[in-house]
Each structure stands twice: as C-alpha cells, then as structure tokens.
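# Results of the structural survey
Residues per chain, in single letters:
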Amino acid sequence: MITITPTIKGRYQLIRLTGRLDSTTSPQLEDYLATNDFSEFKGVIFEMTELDYISSAGLRVLLNASKTFKKGNIHFSLCGMQAHILEIFEISGFDTFLNIYPTLTEVLEGCNYSDGSTKLA
Amino acid sequence: MTFQLTLTHNDPYQSLLESHVALLGEQLSLQEHQCFQVNLILDELSTNIFENNKKIENLHVTINISWEKRKITIVIEDNGVPFDPTSVNEPDISLPLSKRKAGGLGLFFVKKYSDTFEYTRVKGLNRTTITKSLAPSNTSTHPQTS
C-alpha cells in the first residue's frame, strides 16, 4: 500500500510518500503524476521518511518522473530516505542524477537561495 | 526450519511475501535492512515470473525458504516459460539520466543482495536458488550512510 499526500510549500509541491512502492503500488504514483499539472510549481519534492520499501518498479516511476520534470524545467528533489532505501539509490546509481537531500529542511533551505546557485536553481 | 508458500496470479503475492519475511525476521531476529533485502529478492524474482507468464493461467510459483544458523536458502520454482534470471545482463549504472533505463535493475538487486544465485531447469520447472548469510543483529554489515 502507498499513500500519496500532496501539500504546497510556497512555490514547491511537496509530496509525502508513505508505505511501499512496488510493482503493485507504483502505478498509483504513476497515475497521480500523470493526471496532475505541476507546471505552476518551481519544483516538486518527494518526502520519503515514511517510505519503508521500494523495488525496481518504484525506481522506474521515479526515473520517468525525473525525465518528465527535467523537460518541463521543474526541479525535482527527494528527501528523508531511510538508510536501506537510500542504499537502493546508491547501488543503482540513481543518486548520481537525482537531487537527494537528507531532510526536508535542507531542501527548503536550498529553495530559499535567490542567486540561482543551488542545486535546486 | 522452513517456510513454504505457493502463489498464483490471483494472490496478493507482495503482501504474502512481506508477512512471511516479517515472520522470518522474528525467527532470526533480523534487522530492518536485512528483512528489506530478503523481501526485495523475493519480490523482484516473483514479479519477474508473474510478468513473464501473464498468459499462463495455471501458473504456480512455489517459494521455499529454509535456514540453518544465519544462512538462508531460497528456492523458487515455477511452471512458466523457461527463463534463466542469472543470464540477464547487468544495467549500466554509470549512464546519465537521459540514457538511463530501468530494465534489469530488479535482477541486479537480487545479485547484489545474494551470496549465490543459481538457475536450473528441472522437470519442466524453472528453479532459482539463492543463498544469503545474515549477520547477527549486533554485527551489522549495513554500510553507513550519511
């Protein structure tokens, strides 16, 4: 089961993921991303503190989301991963092209920079 | 000791795998990341089998998990089309975003988290055998992440 909880933080769409992202649940996230318009936002942030499980099916959705957001010039960040989830991103090399932050605070601190020099800008 | 589980297309197999891994975790006092790795191995292999055999209505996937001391052995048998999961090429994880594809990552994780990963075709069945050593809780082999 996956729970997707969107909230708005300034010009950023925050999306909290809770539960499991596997081949059964990842279509739910895929549908959510396909049926919502994020173009009004400067960025989209996935908060993953309560995401307990991810498989290759979940990574596939995040890979496609990352490509779509990049085309739309929307910044895409992930934060709050548990250690075993972060390890999956490291093993797969996804940490080399996704913006991954330890905490939401660190993402939002980056958002506040105005000179365009942060990873988010 | 042993767990055995038989799955078909109609079963909520991921929930069943999760609950069996939780029981295994209790039996062996596994840490959370160890349960995750075992769950991932079972999930990726089972998902592959169900995806590869959508047209086979009477598909049966039998999963046997046995353990001795801190070493578990997973044997998965299915009556689907012949398929050797150990022969799949590893994805190139150094590619940039624009060239990355998600294919092959599941079996890549299985290889990464297993000590041995073998396949044989036996009497019309695919048989995949995995072994994995699980360190006791007080000697974590989990890499430190910052």
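Criteria and thresholds
Residues numbered from 1 in each chain as written. Chains lettered and ligands numbered in written order. Predicted model: local features only at pLDDT ≥ 70, side-chain atom pairs only at ≥ 80, totals over all residues. Heavy atoms only, no water. Helix = DSSP H or I, 4+ residues; strand = E, 2+ residues; numbered from the N terminus. Rg over C-alpha atoms; globule rule 2.2 N^0.38 Å. Buried < 20%, exposed > 50% of the residue type's maximum accessible area, 1.4 Å probe, protein only. Areas by Shrake-Rupley, 256 points an atom, 1.4 Å probe, with all protein chains shown as cover. Lys, Arg positive; Asp, Glu negative; His and termini not counted. Charge placed at Lys NZ, Arg CZ, Asp CG, Glu CD. Contact = heavy atoms within 4.5 Å. Salt bridge = Lys/Arg side-chain N within 4 Å of Asp/Glu carboxyl O. pLDDT = per-residue confidence, 0-100. Buried area = accessible area lost by both parts, 1.4 Å probe. Polar contact = N/O pair within 3.5 Å; in protein donor to acceptor, adjacent residues only side chain to side chain. 1 Å grid on protein atoms, 1.4 Å probe; cavity = no way out; pocket = protein on both sides within 12 Å on 5 of 7 lines; lining within 4 Å. Points joined across faces, edges and corners; volume = space filled by probe spheres on them.

On to the overall build of chain B. Scanning chain B for helices and strands turns up 3 helices and 5 strands. Each helix and strand of chain B, placed in order from N terminus to C terminus, yields the pattern β-α-α-β-β-α-β-β. Relative to its length of 146 residues, chain B is compact, with a C-alpha radius of gyration of 16 Å against a globular reference of 15 Å. With respect to the three principal axes, the spread of C-alpha positions in chain B is 45 × 45 × 25 Å. Across the 146 residues in chain B, those meeting the buried criterion constitute 45%. As presented, chain B carries roughly 7700 Å² of accessible surface, and 49% of it is formed by carbon and sulfur atoms. Of the side-chain charges in chain B, 14 are positive and 16 negative, and the distance between the mean point of each set is 6 Å.

So, about the overall build of chain A. Broken down by element type, chain A carries 4 helices and 6 strands. Taking 14 Å as the expected radius of gyration for a compact globule of 121 residues, we find that chain A reaches 13 Å, a close match to that expectation. Taken over the C-alpha atoms alone, chain A extends approximately 40 × 30 × 25 Å along its principal axes. Looking at chain A as a whole, 55% of its 121 residues are labelled buried. Intrachain contacts of chain A at a sequence separation of at least 6 include 65% that bridge at least 24 residues. For chain A, the accessible area works out to roughly 5500 Å², and carbon and sulfur atoms hold 49% of it.

Right, let's get into the pattern of salt bridges. Enumeration according to the criterion identifies 5 salt bridges over all chains in this entry. A:Glu47 is the partner of A:Arg16 in a salt bridge, and the nearest nitrogen-oxygen pair spans 3.0 Å. Of this pair, A:Arg16 sits in strand β2 (residues 12-21) while A:Glu47 sits in strand β3 (residues 43-47), and the two are 31 residues apart along the sequence. Judged by its relative accessible area of 34%, A:Arg16 is partly exposed. For A:Arg20, the salt bridge is made with A:Asp22, and the minimal N-O distance between the two is 3.4 Å. For the pair formed by A:Arg20 and A:Asp22, the shared burial category is buried. Three or more residues joined by partner-sharing salt bridges are found here, namely A:Arg20, A:Asp22 and B:Glu18.

The next point concerns the confidence of the model for chain A. Residue-level pLDDT values for chain A average 90, and 91% of them are 70 or greater. This stretch, residues 113-121 of chain A, has a pLDDT under 50; its non-local contacts, to residues over four places away or in other chains, come to 13 contacts.

Attention shifts here to the interface of chain B and chain A. Taken together, the 30 residues of chain B in the interface contact 28 residues of chain A. Of the roughly 2400 Å² buried at the junction of chain B and chain A (both faces included), carbon and sulfur atoms supply 59%. Summed over the shared surface of chain B and chain A, the result is 1 salt bridge. Along the contact surface separating chain B from chain A lie 8 residue pairs in polar contact (both at pLDDT 80 or more). Elements represented by at least two residues in the side of chain B that touches chain A include exactly α1 (13-28), α2 (32-52) and α3 (105-113) of chain B.

What follows covers empty space enclosed by the protein. Residues and elements named next belong to chain B. On inspection of all chains with the given rule, the structure shows 3 cavities of 30 Å³ or more. Taken as a whole, the largest cavity holds about 100 Å³ of empty space. Around the largest cavity, the lining residues are Leu45, Asn48, Ile49, Asn52, Asn53, Ile76, Asp78, Val81, Phe83, Pro85, Asn126 and Thr128. Sorting the residues of the lining of the largest cavity by element identifies α2, β3 (71-78) and β5 (125-133) as the ones contributing at least two each. A total of 4 residues in the lining of the largest cavity trace back to one element, the largest contributor, which is α2.

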